[in-house]
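# Survey of secondary and tertiary structure
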Amino acid sequence: MTGHPVGGVAEKAFPVARSEARLLVPALMFIALVVAAVASLGTPLITSVATSFHVSLGSAQWTLTVALLSGAVATPVLGRLGAGPHRRATILATLAVVVAGSALTVLPLPFAWLLAGRAAQGVGLGLTALMMGVARDHLPEERSAAVIALISVVSVIGAGVGYPLAALLAELGGVRAAYGLGLVVTAAALLTAWRSVPEAPGGRSAHVDVAGAVALAAALLLVLFLAGERNLWSRHLAVAAGLAVAAVVLLCVWAVVELRSTTPLVDVRAVRHPAVAGANLAMFVGGIGMYLLLTLITRYAQTPHGAGYGFGLTTFVAGLVLVPFSVLGFVAGKLTPRVRTRIADPLLLAGSAVVVGGGFALFAAARSDLAELFAAMGVLGFGVGGFSAAMPGAILAVTPKSETSSAMSFNYVVRSVGYSLGSAIGGLILAAGTGPGHLFPDDSAYTTAALVGIGAMAITTLTSLALARRRSSETNPCVSCTHPDTGGSMPKGYWVSVYRTISDPEKLAAYNKLARQAVQPWGGRTLVRGGRVVAYDAGSAERTVLVEFDSFEQAVAARESAAYQEALVALSDGVERDFRIVEGID
């Protein structure tokens, strides 16, 4: 994420016509749903793949893992490309790769080709953030927020849609028939994108930081590999620990590379913004908890009665347990944009985390009846839907419109890592609860895992509340202008701008209009705007603008806000000026 246009050209918005907008919204939803559903096809087909290709269950598990790996690696690269002028071409090329991968999964080829096809399908996971960028660029602001929230939701509930369908087709026609579903819907998504996705606004530039991409890809590969290979931790702890250290080192190298790069893959400085960092932390810990409960419920439902618990459901029937998850997740996604007008996004994140925690408590206390599993899954879906719908708002509030794809791509990488760790933690807890000579863990191991999940959601709730408190203190002058030590008034903050040259008055006029709107929520008051100047000593009579804020912190926050970043995009290279923020005296 970067706060300024790379090319130095003002960005122009290109809203689509109302009739085109009606087609664009369902197209974006459909594409996001398809790539999520297709990437999750490996989950219900692991046993069928092992049987059909005569490989171990561990090897068959890679049909899911490799899709997650390729998605995590491709997401930040696609996010950076999506922030540039060739976003439409990036979307079409990526969907073409997904279609080609889907074809490989259907053709009668060896197991290695199936893995290659699944890796190509996983690349499509990086398109979700690009769909958000399209919505934010080409829809009215009030409409785009609701659409972005729903795109975020459908990217999560897609697994609940694809799971039962793939399982049913596998039972009726075998694993190739199930993957055939992926080929059909991805081809439809490619055609939809070709007909509906508009070009990105002009004036943008995007360069992929190859060194940063390689370092981040290597680190993510190690992290997700360690999360997926649970046996490595129990049998070869030293090797696993060494790989974990290597992953940390690679992440540090990546951070250094990004800080030094003039065109970073991800702007680490922007990621450190408290609102963005807090939201990503909540996503990481919350993702661990959410995916942990999802895997616990589906695994419990498929455990045979002979274990002393469970329901022995077939893969298809177990997939139906996900229906409440998808339905209530979608309902929460529809409700959240309406609630956002009254409740801030961080508070919605906290409330949704509490709901997911309630799902864990329900599963821990009552799971002897199948209806109770459906109820727990429904509660989980409602919480995940609300959380996913509120997350983009928390991040995009401080993100320039041109950087939507890049910002949300990084968030989805964080989510993928959280989901993978949630699955791994669940597996480790259940493995620890499996006695010698037993195939299945004790029932109490599920309770232990649920308690761990409650702890994760408690941390997520506290993180979100801290984020909400900070947001309130930044936007409420009555809080920000009180000195923490004396209780008196805080020193005021001032923007001081001295314009040396004005090369493009039209860009300056566009900037002035946007800048006035940007400073109003932060209490900014213009005291001087280009009035008469009498210069003395070494001074020069240049246009001067002075804007007053109730506190220095308010002045800095206004400068970093997404609305003001849009004003800077409009200003671009239209002027040469000296801009500084100064603190007044008590």
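### Digging into the overall build of the chain
- A tally of regular secondary structure across the chain gives 23 helices and 4 strands.
- Across the 586 residues that make up the chain, the buried fraction comes to 51%.
- Restricting to contacts in the chain with at least 6 residues of sequence separation, those with at least 24 account for 80%.
- Of the roughly 24,600 Å² that the chain leaves accessible, carbon and sulfur atoms contribute 65%.

### Overview of helix 17 (residues 370–396)
- With 27 residues, helix 17 extends 40 Å between its outermost C-alpha atoms, agreeing within 8% with the 39 Å of an ideal straight helix rising 1.5 Å per residue.
- Across the 27 residues of helix 17, 20 count as buried, placing the element largely inside the fold.
- Measuring from the backbone nitrogen of Ala 371 back to the side-chain oxygen at the start of helix 17 gives 2.8 Å, which picks out Asp 369 as the cap.

### Some thoughts on a nonpolar patch on the surface
- A cluster of nonpolar side chains, namely Val 317, Leu 320, Val 323, Val 327, Leu 328, Val 331, Leu 335 and Phe 382, defines an oily patch on the protein surface of about 540 Å² accessible area.
- Breaking the nonpolar patch down by element, the ones donating at least two residues are helix 14 (315–320) and helix 15 (323–339).
- Here the nonpolar patch gets 5 residues from one element, more than from any other, and that element is helix 15.
- Its location among the elements puts Leu 320 in helix 14.

### Here's the deal with the pattern of salt bridges
- Scanning the model with the defined rule gives 10 salt bridges in all.
- Asp 550 is the partner of Arg 525 in a salt bridge, and the nearest nitrogen-oxygen pair spans 3.1 Å. Taken together, the positions of Arg 525 in strand 2 (residues 525–529) and Asp 550 in the loop between strand 3 (543–549) and helix 22 (552–560) put the pair 25 residues apart, joining distant regions of the chain.
- Linked by salt bridges that have partners in common, Lys 492, Arg 525, Glu 548 and Asp 550 make up one network.

### Topic: the nonpolar core
- If you look at the biggest cluster of nonpolar residues, it comprises 118 residues, and the most contacted ones within it are Val 49, Ile 91, Ile 151 and Phe 363.
- When residues no more than four places from it in sequence are discounted, the contact partners of Ile 91 are Leu 127, Leu 130, Met 131, Val 134, Ala 193 and Val 197.
- Residues Tyr 499, Trp 522, Ala 558 and Tyr 564 belong to the second largest nonpolar core, which totals 19 residues.

### Examining the sheet that holds strand 3
- An order of 2-3-1-4 is seen for the 4 strands of this open sheet, with the pairing classed as antiparallel. Every other strand in the sheet has two partners, leaving strand 2 and strand 4 (575–583) as the edge strands with one partner each. Across the sheet, the axes of successive neighbouring strands diverge by a mean angle of 15°, strand direction being ignored.
- Sheet analysis places strand 1 (residues 493–502) next to strand 4, joined by 9 bridges and oriented antiparallel. Bridge pairing in strand 4 places Tyr 494 opposite Val 582.

### Brief notes about the packing of helix 13 (residues 274–302) against helix 16 (residues 345–365)
- Two elements in contact, helix 13 and helix 16, have axes whose closest approach is 10 Å; the angle formed by their N-to-C orientations is 30°. Of the possible angle classes, the one that applies to helix 13 and helix 16 is roughly parallel. The chirality of how helix 13 crosses helix 16 is left-handed. Each of Gly 289, Met 290, Leu 292, Leu 293, Leu 296, Ile 297 and Tyr 300 in helix 13 lies in contact with helix 16, whose residues at this interface are Val 356, Gly 359, Phe 360 and Phe 363.
- Of the residues contributing to the contact of helix 13 with helix 16, the split by class is 9 nonpolar, 2 polar and no charged.

### Re the environment of Tyr 291
- Summarising the element assignment, Tyr 291 is placed in helix 13.
- With relative accessibility at 21%, the residue Tyr 291 sits in the partly exposed group.
- Each C-alpha atom, one on Tyr 291 and one on Gly 426, is 8.9 Å from the other, the two residues being 135 residues apart in sequence.
- Sequence-distant contacts of Tyr 291, that is, excluding residues within four places in its chain, are made with Tyr 419 and Ser 423.

### Side note on the environment of Leu 396
- One can find Leu 396 in helix 17.
- Each residue touching Leu 396, except ones within four places of it in the same chain, is listed here: Arg 136, Ile 148, Thr 404, Met 408 and Ala 562.

### Comments concerning the packing of aromatic side chains
- Under the definition given, this model contains 15 aromatic pairs.
- Of note, Arg 367 hangs over the ring of Phe 363, and the distance from its end group to the ring centre comes to 5.1 Å.
- Here Arg 543 stacks its cationic end above the ring of Tyr 499, 5.5 Å away from the centre of that ring.

### Considering the packing of helix 7 (residues 141–173) against helix 17
- Where helix 7 meets helix 17, the closest approach of the two axes is 8 Å, and the angle between their N-to-C directions is 135°. It follows from the interaxial angle that helix 7 and helix 17 lie oblique. Viewed along their axes, helix 7 and helix 17 form a crossing whose handedness is right-handed. Here helix 7 contributes Ile 148, Ala 149, Ser 152, Val 153 and Val 156 to the contact with helix 17, which in turn contributes Val 384, Gly 385, Ser 388, Ala 389, Pro 392 and Leu 396.

### A closer look at the side chain of Ser 326
- If you trace the backbone, Ser 326 turns up in helix 15.
- Ser 326 has contacts with Ile 157, Gly 160 and Val 161, leaving out every residue within four places of it along the chain.

### Topic: unusual backbone geometry
- Not every positive phi belongs to a glycine, and His 54 is a case in point at roughly 55°.
- Positioned with a positive phi, Ser 572 is a non-glycine residue whose angle comes to about 50°.
- Looking at where Ser 572 falls in the secondary structure, it is placed in the loop between helix 23 (562–571) and strand 4.

### Quick look at the side chain of Ser 409
- Position of Ser 409 among the secondary structure elements: in helix 18 (residues 404–432).
- For Ser 409, a relative accessible area of 1% puts it in the buried group.
- Contact partners of Ser 409, with chain neighbours within four places excluded, come to Thr 75, Pro 76, Gly 79 and Ala 129.

### Quick look at the confidence of the model for the chain
- Summarising the model, the chain shows a mean pLDDT of 84, and 90% of its residues fall at 70 or more.
- Taken element by element, the chain is modelled with least confidence in helix 20 (residues 477–480), mean pLDDT 46, and with most confidence in helix 16, mean pLDDT 95.
- Across residues 1–13, confidence stays below pLDDT 50; counting only partners more than four residues off in sequence or on other chains, it has 48 contacts.

About the thresholds
Residues numbered from 1 in each chain as written. Predicted model: local features only at pLDDT ≥ 70, side-chain atom pairs only at ≥ 80, totals over all residues. Heavy atoms only, no water. Helix = DSSP H or I, 4+ residues; strand = E, 2+ residues; numbered from the N terminus. Buried < 20%, exposed > 50% of the residue type's maximum accessible area, 1.4 Å probe, protein only. Contact = heavy atoms within 4.5 Å. Areas by Shrake-Rupley, 256 points an atom, 1.4 Å probe, with all protein chains shown as cover. Expected span 1.5 Å × (residues − 1). Polar contact = N/O pair within 3.5 Å; in protein donor to acceptor, adjacent residues only side chain to side chain. Patch = residues over 30% accessible without salt bridge, like charges linked within 9 Å, V, L, I, M, F, W, Y side chains within 5 Å. Salt bridge = Lys/Arg side-chain N within 4 Å of Asp/Glu carboxyl O. Core = buried A, V, L, I, M, F, W, Y, C linked by side-chain atoms within 4.5 Å. Pairing = 2+ DSSP bridges. Axes fitted to C-alpha atoms, helices over the stretch in contact; angles between N-to-C directions. Parallel < 35°, antiparallel > 145°, perpendicular 65-115°, else oblique. Left-handed = near helix turned anticlockwise from the far one by under 90°. Nonpolar A, V, L, I, M, F, W, Y, C, P; charged D, E, K, R; others polar. Phe/Tyr/Trp six-rings, centres within 6.5 Å; stacked < 30°, edge-to-face > 60°. Lys NZ or Arg CZ within 6 Å of the ring centre and 35° of its normal. pLDDT = per-residue confidence, 0-100.

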